[in-house]
Amino acid sequence: MPGLFEDLTWRGLVHQVTDPELPALIDGGGLSAYIGFDPTADSLTIGNLLQLCNLRRMQRAGHRPILLAGGGTGMIGDPGGRSDERNLLTRDQLAHNLAAIRAQLERFVDFDGGRALLVDNGEWLWDVGLLEFLRDVGKHFTVNQMVAKESVKTRFEAEDRGISFAEFSYMLLQAYDFLQLHDRYGCTVQMGGSDQWGNITMGIDLIRRLRGSRAYGLTSPLVVKPDGTKFGKSVSGNVWLDPARTTPYALYQFLFRSQDSVVGAYLRYFTDLARQRIDDLDRATAERPQAREAQRVLALEVTSLVHGPEAARRAEHVAGALFTPEIAGVDEATLTAAVADAPTSVLPGTGLVLLDAVARAFGESRRRSATLLAQGGVSVNGRRQTDGQRVLTAADALHGRFVLLRRGRRDQHVLVVEGAVGPTMVPAPRPPG
């Protein structure tokens, strides 16, 4: 049975470690390890999910996870992984976001009996004085050290962007967090994404200087978008863990659409599947890519982890029912997410002849459209149609809003009833890779 560190390594979750002693300590159990989450939005993203899974793994191996919610540092914002300055939030906005994020964090680890801790760094940062902080913390670091950190250096090198003194100071605040967690809870390990390396090493150095104690750091790769940017909470195109922002179906579809080149890595990052099972899925992807077996398992496992098994089963059912008559039984919010990526046009209040609707929706001639209908190649709301002269009206619309046209197996078009109101159709997120 491999130890935890070997398993993390096999899963591709070890990017850097600060000390060669750390692997043995991780395998031994009994550590207190923390990861910080700044509440710059009222939901975490799939980029945070990797770190949450790491904390779950740590807890199962006998360690105590500490989830640090940044009620204080969220006022500043971490410059790591960003090319521009963050928008500053008010204290009320942060309090709202923090309450929402707490509920999400609590779904991933077991807090019973103090087996995990959820701490807000506002407990110590709101009350520390500026002069006290500069004297007790700031004096231990040189500007030379801080400028050399990658998160700062990249901002210095951009001609049209700089970095404010507030964000420049963030690494000192994070170092102070590590010190406080060390003093209060015996925390000796900080974990995070690879963009946190500089901040983590600052905290280790501060603990060594002020307490003469050993502390450690471990970073993991970032989950990034196709353009190489990370899934931050303050940028567009995110996949959220809040079902009100990204529905369980949209999350399922995002994962199901993962490209073959990344699905194996995602299975290792986000699931607890055994090595043999993942190896089998890797082979299935190589030998039968059209079956998308690995993507289907990934989507079901992760949606179940984030939203629960029942929501995952519903999402899987919708994915299977989308092009069948069963689509009529799907609730409006889920259906809205399911068709969000499809091209749309308006269904006039006076109705539209099906033959014309097919020709317009799919750019076909009337003759070709008639042939498709005669051959059974067109469906309306999952039911095959052959009568091109039938008139589509609002009475055909699912939830009074949508008429789903399908040509062949994949081409889909949505007719939206003129004047219909309901949930906004937001395009489903696209997978990275």
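About the thresholds
Residues numbered from 1 in each chain as written. Predicted model: local features only at pLDDT ≥ 70, side-chain atom pairs only at ≥ 80, totals over all residues. Heavy atoms only, no water. Salt bridge = Lys/Arg side-chain N within 4 Å of Asp/Glu carboxyl O. Helix = DSSP H or I, 4+ residues; strand = E, 2+ residues; numbered from the N terminus. Buried < 20%, exposed > 50% of the residue type's maximum accessible area, 1.4 Å probe, protein only. Contact = heavy atoms within 4.5 Å. Pairing = 2+ DSSP bridges. Axes fitted to C-alpha atoms, helices over the stretch in contact; angles between N-to-C directions. Parallel < 35°, antiparallel > 145°, perpendicular 65-115°, else oblique. Nonpolar A, V, L, I, M, F, W, Y, C, P; charged D, E, K, R; others polar.

Engineer: So what exactly am I meant to see when it comes to the pattern of salt bridges here?
Structural biologist: Note that side chains of opposite charge can pair when their charged atoms are close. Summed over the entire model, instances satisfying the criterion amount to 27 salt bridges. A salt bridge links R268 to D279, with the shortest nitrogen-to-oxygen separation between them at 3.8 Å. Within this pair, whereas R268 is found in helix α13 (residues 260–270), its partner D279 is found in helix α14 (residues 275–287), the two being separated by eleven residues in sequence. On the basis of relative accessible area, D279 is assigned to the partly exposed category, the value being 26%. Its salt-bridge partner being E310, residue R314 comes within 3.9 Å of it at the nearest N-O pair. On the criterion of helical spacing, the pair formed by R314 and E310 is a turn pair, its members being four residues apart in helix α16 (residues 309–321). The network of salt bridges with common partners includes R56, R57, R60 and D272.

Engineer: What exactly am I supposed to notice about the environment of R102 here?
Structural biologist: Position of R102 among the secondary structure elements: in helix α4 (residues 91–105). Since its relative accessible area comes to 28%, R102 is described here as partly exposed. R102 sits 63 residues away from P39 along the chain, and the two C-alpha atoms are 9.4 Å apart. Apart from residues lying up to four places away in sequence, R102 is in contact with L118 and D120.

Engineer: Please clarify how the sheet that holds strand β12 (residues 402–407) should be interpreted in this entry.
Structural biologist: Hydrogen bonds between backbone atoms are what pair the strands of a sheet, whose relative direction is either parallel or antiparallel. Spatially, the five strands line up as an open sheet ordered β7-β13-β12-β9-β10, and their pairing is mixed. One side of each edge strand has no neighbouring strand; the edge strands of this open sheet are β7 (344–347) and β10 (383–385). Adjacent strand axes in the sheet meet at a mean angle of 30° when their direction is disregarded. As paired strands, β7 and strand β13 (residues 411–417) are joined by four bridges and run parallel to one another.

Engineer: Help me understand the sheet that holds strand β6 (residues 216–220) in this model?
Structural biologist: As summarised here, the arrangement of the six strands in space is β1-β6-β5-β2-β3-β4, forming an open sheet in which the pairing is mixed. Every other strand in the sheet has two partners, leaving β1 (16–17) and β4 (117–120) as the edge strands with one partner each. Here six bridges tie strand β2 (residues 32–37) to strand β3 (residues 64–69), and the two strands are oriented parallel to one another. Considered in β3, the bridge of Y34 is made with I66. Across the sheet, α4 lies against β2, β3 and β4, angled at about 165° from β4, the strand it touches most. Lying over the sheet, helix α11 (residues 197–211) contacts β1, β5 (189–193) and β6, oriented at roughly 170° with respect to β6.

Engineer: I would appreciate a short explanation of the packing of helix α3 (residues 46–60) against α13 in the present structure.
Structural biologist: When two helices pack together, their arrangement is given by the angle between the helix axes and the distance between those axes. Axis separation between α3 and α13 bottoms out at 9 Å; the angle between their running directions is 50°. It follows that α3 is oblique to α13 by the angle criterion. Where α3 approaches α13, its residues I46, L49, L50, C53 and R57 are matched on the opposing element by R268, Y269 and F270. Here the contact of α3 with α13 is composed, by residue class, of six nonpolar, no polar and two charged.

Engineer: Is there a simple way to think about unusual backbone geometry in this case?
Structural biologist: Glycine aside, residues mostly have negative phi, and peptide bonds are mostly found in the trans state. Not every positive phi belongs to a glycine, and R292 is a case in point at roughly 55°. One can find R292 in the loop between α14 and α15 (293–307). Residue class for R292 comes out partly exposed when judged on its relative accessible area of 24%. Positive phi is not limited to glycine here, since N381 has a value of about 50°. With respect to the element layout, N381 can be found in the loop between β9 (378–380) and β10. For N381, a relative accessible area of 11% puts it in the buried group.

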